[in-house]
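The lines below spell out each chain.
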Amino acid sequence: MTYEGIVKTGDIRIVVNDLTCITYESKQFRFPKSKKVRIRNKWKKRRENYRVEKVHRAIKINDTMFVSSKIYEQILNSEKNDN
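Below you will find a few notes about this structure.

**Thoughts on the overall build of the chain**
For step 1, the next point in the chain: Secondary structure summary: the chain contains three helices and six strands in total.
For step 2, the next point in the chain: The order of helices and strands in the chain, counted from the N terminus, is β-β-α-β-α-β-β-β-α.
For step 3, the next point in the chain: Classification of the 83 residues of the chain by burial places 18% in the buried group.
For step 4, the next point in the chain: Counting only contacts in the chain whose residues sit at least 6 apart along the sequence, the fraction spanning at least 24 positions is 55%.
For step 5, the next point in the chain: With an accessible surface of roughly 6800 Å², the chain has 51% of that area assigned to carbon and sulfur atoms.

**Examining a positive patch on the surface**
For step 1, the next point in the chain: On the surface, a cluster of positive charge is contributed by Lys 36, Arg 38, Lys 42 and Lys 45.
For step 2, the next point in the chain: Tracing the backbone shows Lys 42 in helix α2 (residues 37-45).

**As for the side chain of Gln 28**
For step 1, the next point in the chain: With respect to the helices and strands, the residue Gln 28 is situated in strand β3 (residues 22-28).
For step 2, the next point in the chain: Looking at Gln 28, its side chain comes within polar contact range of the main-chain oxygen of Arg 30, at 3.0 Å.

**Notes on the nonpolar core**
For step 1, the next point in the chain: Among the nonpolar cores identified, the biggest contains five residues, and these are Ile 14, Val 16, Val 67, Ile 71 and Tyr 72.
For step 2, the next point in the chain: For this core, the secondary structure elements donating two or more residues are β2 (12-16) and α3 (69-82).
For step 3, the next point in the chain: Residues within four places of Ile 71 in sequence aside, it is in contact with His 56, Arg 57 and Ala 58.

**Description of the pattern of salt bridges**
Between side chains of opposite charge, a pair can form as their charged atoms come close.
For step 1, the next point in the chain: The final tally for this structure, using the stated rule, is two salt bridges.
For step 2, the next point in the chain: Where Glu 25 meets Arg 57, a salt bridge forms, and the shortest distance between an N and an O atom there is 2.4 Å. Here Glu 25, found in strand β3, pairs with Arg 57, found in the loop between β4 (50-56) and β5 (58-61); they are 32 residues apart in sequence, far enough to count as distant.

**Here we look at α3**
For step 1, the next point in the chain: The first and last C-alpha atoms of α3 sit 20 Å apart over 14 residues, in line with the 20 Å expected at 1.5 Å per residue.
For step 2, the next point in the chain: For α3, every residue scored as buried is listed here: Ser 69, Ile 71 and Tyr 72. The arc that holds the buried residues of α3, viewed along the axis, is 160°, so those residues lie on one side.

**Considerations on the packing of aromatic side chains**
For step 1, the next point in the chain: For the structure on display, the rule yields zero aromatic pairs.
For step 2, the next point in the chain: Sitting over the face of the ring of Phe 29, Arg 51 holds its NZ or CZ atom 3.8 Å from the ring centroid.

The rules we used
Residues numbered from 1 in each chain as written. Predicted model: local features only at pLDDT ≥ 70, side-chain atom pairs only at ≥ 80, totals over all residues. Heavy atoms only, no water. Helix = DSSP H or I, 4+ residues; strand = E, 2+ residues; numbered from the N terminus. Buried < 20%, exposed > 50% of the residue type's maximum accessible area, 1.4 Å probe, protein only. Contact = heavy atoms within 4.5 Å. Areas by Shrake-Rupley, 256 points an atom, 1.4 Å probe, with all protein chains shown as cover. Patch = residues over 30% accessible without salt bridge, like charges linked within 9 Å, V, L, I, M, F, W, Y side chains within 5 Å. Salt bridge = Lys/Arg side-chain N within 4 Å of Asp/Glu carboxyl O. Lys, Arg positive; Asp, Glu negative; His and termini not counted. Charge placed at Lys NZ, Arg CZ, Asp CG, Glu CD. Polar contact = N/O pair within 3.5 Å; in protein donor to acceptor, adjacent residues only side chain to side chain. Core = buried A, V, L, I, M, F, W, Y, C linked by side-chain atoms within 4.5 Å. Expected span 1.5 Å × (residues − 1). Arc of directions from axis to C-beta. Phe/Tyr/Trp six-rings, centres within 6.5 Å; stacked < 30°, edge-to-face > 60°. Lys NZ or Arg CZ within 6 Å of the ring centre and 35° of its normal.

Here's what the structure looks like:
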């Protein structure tokens, strides 16, 4: 679901933009049973032990906040729960 446009809430303008707010990170999800540093370093080098995950971020510049659509939905749900 993509939202276009700018929403004004209080003093902060919220701009919903998935292109700038969704990034990808690789995280190691498999680890060896051995706790030796030499073995762990070998496992770090193997690509099969990593998974690419989508990360949603909020970026605040002055009085404008750039958010992804997922974070925007969380903001709307929190406002509904407050009322």
